[in-house]
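So the chains spell out like this:
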Amino acid sequence: MSKKNSSLFFVFYVVQLVALFAIFFTEINWIYLLLGWITFCGLGSATILHRYVSHKSIELKPWLEKPLLVLATLCAQGTPIWWAGVHRGMHHKHADAPGDPHSPKDGMFHAYIGWLHSKSIDNINPRHVKDIYKNSFHLFLNKYYVFIIWSVLVVGLLTVPTFTLWFWIVPAAWSFHQEAIVNISCHSGWFGYRSHETTDNSYNLKLLGLLTWGQALHNNHHNNPSNYNFASKNEFDPSVIFLPFIKAKGSQ
């Protein structure tokens, strides 16, 4: 892992380890966990990082943009700029071909977490995220990413440890595993179905889609990445429940 990527993910493994501590050594709080899963896995990762930042498939209410970008940052999967750069410029551009860090074709471990240590993911082409680089708040989050995560982690554990562990840390850690499981399951070809003849090996998994906020309706997404709703006939994308609360008037 390069120096740049080590800094970016200096918080990643800390959050993962603290979440593991919570699972094995603290009493679970189901209400906090449920709310955190909705907030970080659903709204933060599946909606803001993926559909808003990476694909611009929705226009947010202006007053919500900054708070939701902070929320996406607290998913601890890397900065929104970096996340979008990997997703746009590598996964979608080279889906299931050389250059796709998430493809199981390079091995399950690599597709799940090994890609984080690849030097290639530091070489994000700025032209793939040039629209995001124009946003000063994105640049602020990119610069102070590590400080933001550590500040929330330390203050939260010192003041409201139970809430911090079960509402934020465990769901934030799981948000990464949600995306990794979808990438492996929906590009392996082991099971599922294809509604569209895309050039990649993406499949839909309806049940997994319900558990991952629609992310596993993956073939639909690869067929039309700019569409917010990943569902088609006889399918349901849970992320649509956020639309009435976050979508600006006139947005698709």
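Parameters and conventions
Residues numbered from 1 in each chain as written. Predicted model: local features only at pLDDT ≥ 70, side-chain atom pairs only at ≥ 80, totals over all residues. Heavy atoms only, no water. Helix = DSSP H or I, 4+ residues; strand = E, 2+ residues; numbered from the N terminus. Rg over C-alpha atoms; globule rule 2.2 N^0.38 Å. Contact = heavy atoms within 4.5 Å. Areas by Shrake-Rupley, 256 points an atom, 1.4 Å probe, with all protein chains shown as cover. Lys, Arg positive; Asp, Glu negative; His and termini not counted. Charge placed at Lys NZ, Arg CZ, Asp CG, Glu CD. Axes fitted to C-alpha atoms, helices over the stretch in contact; angles between N-to-C directions. Parallel < 35°, antiparallel > 145°, perpendicular 65-115°, else oblique. Left-handed = near helix turned anticlockwise from the far one by under 90°. Core = buried A, V, L, I, M, F, W, Y, C linked by side-chain atoms within 4.5 Å. Buried < 20%, exposed > 50% of the residue type's maximum accessible area, 1.4 Å probe, protein only. Polar contact = N/O pair within 3.5 Å; in protein donor to acceptor, adjacent residues only side chain to side chain.

Caption draft 1: Spatial organisation of the overall build of the protein. Helix and strand counts for the protein come out as 13 helices and 0 strands. Along its sequence from the N terminus, the protein presents helices and strands in the succession α-α-α-α-α-α-α-α-α-α-α-α-α. Its C-alpha radius of gyration of 17 Å places the protein within 12% of the 18 Å reference for a compact globule of 252 residues. For the protein, the spread of C-alpha atoms along the three principal axes comes to 50 × 40 × 40 Å. Taking as baseline every contact in the protein between residues at least 6 positions apart, the subset at least 24 positions apart corresponds to 71%. Just so you have it, the protein exposes about 12,000 Å², and 66% of that area is on carbon and sulfur atoms. Each charge class in the protein can be summarised by its mean position, and for the 19 positive and 13 negative side chains these summaries are 8 Å apart.

Caption draft 2: View of the packing of helix α3 (residues 30-54) against helix α10 (residues 161-187). Remark: α3 packs on α10, axes separated minimally by 8 Å, with the N-to-C direction vectors making an angle of 40 degrees. As summarised for this structure, α3 and α10 are arranged oblique, according to the angle between their axes. In this structure, the crossing between α3 and α10 has a hand that is right-handed. Note on element contacts: α10 touches α3 through T162, F163, W166, F167, W168, V170, P171, A172, W174, S175, Q178 and E179, opposite Y32, L33, L35, G36, W37, T39, F40, C41, S45 and A46.

Caption draft 3: Representation of the nonpolar core within the structure. In terms of nonpolar packing, the biggest core is built from 62 residues, with I48, L68, W82, L116, W168, I169 and I246 touching the most fellow members. Of all the elements in the fold, those that place two or more residues in this core are α2 (12-25), α3, α4 (65-73), α5 (80-92), α8 (136-143), α9 (145-159), α10 and α13 (243-246). Here this core takes 10 residues from α10, the largest share from any one element. When residues no more than four places from it in sequence are discounted, the contact partners of I169 are V15, V18, A19, L153, L157 and T164. Core analysis: the next-biggest nonpolar cluster, separate from the first, contains 5 residues, C186, L205, L208 and A216 among them.

Caption draft 4: Geometry of the side chain of H50. If you trace the backbone, H50 turns up in helix α3. Engagement of the side chain of H50 in a polar contact is seen with the side chain of H87, the distance being 2.9 Å. Not counting the four nearest positions on each side in its chain, H50 is found in contact with S45, H55, W83, H87, Q215, H221 and F230.

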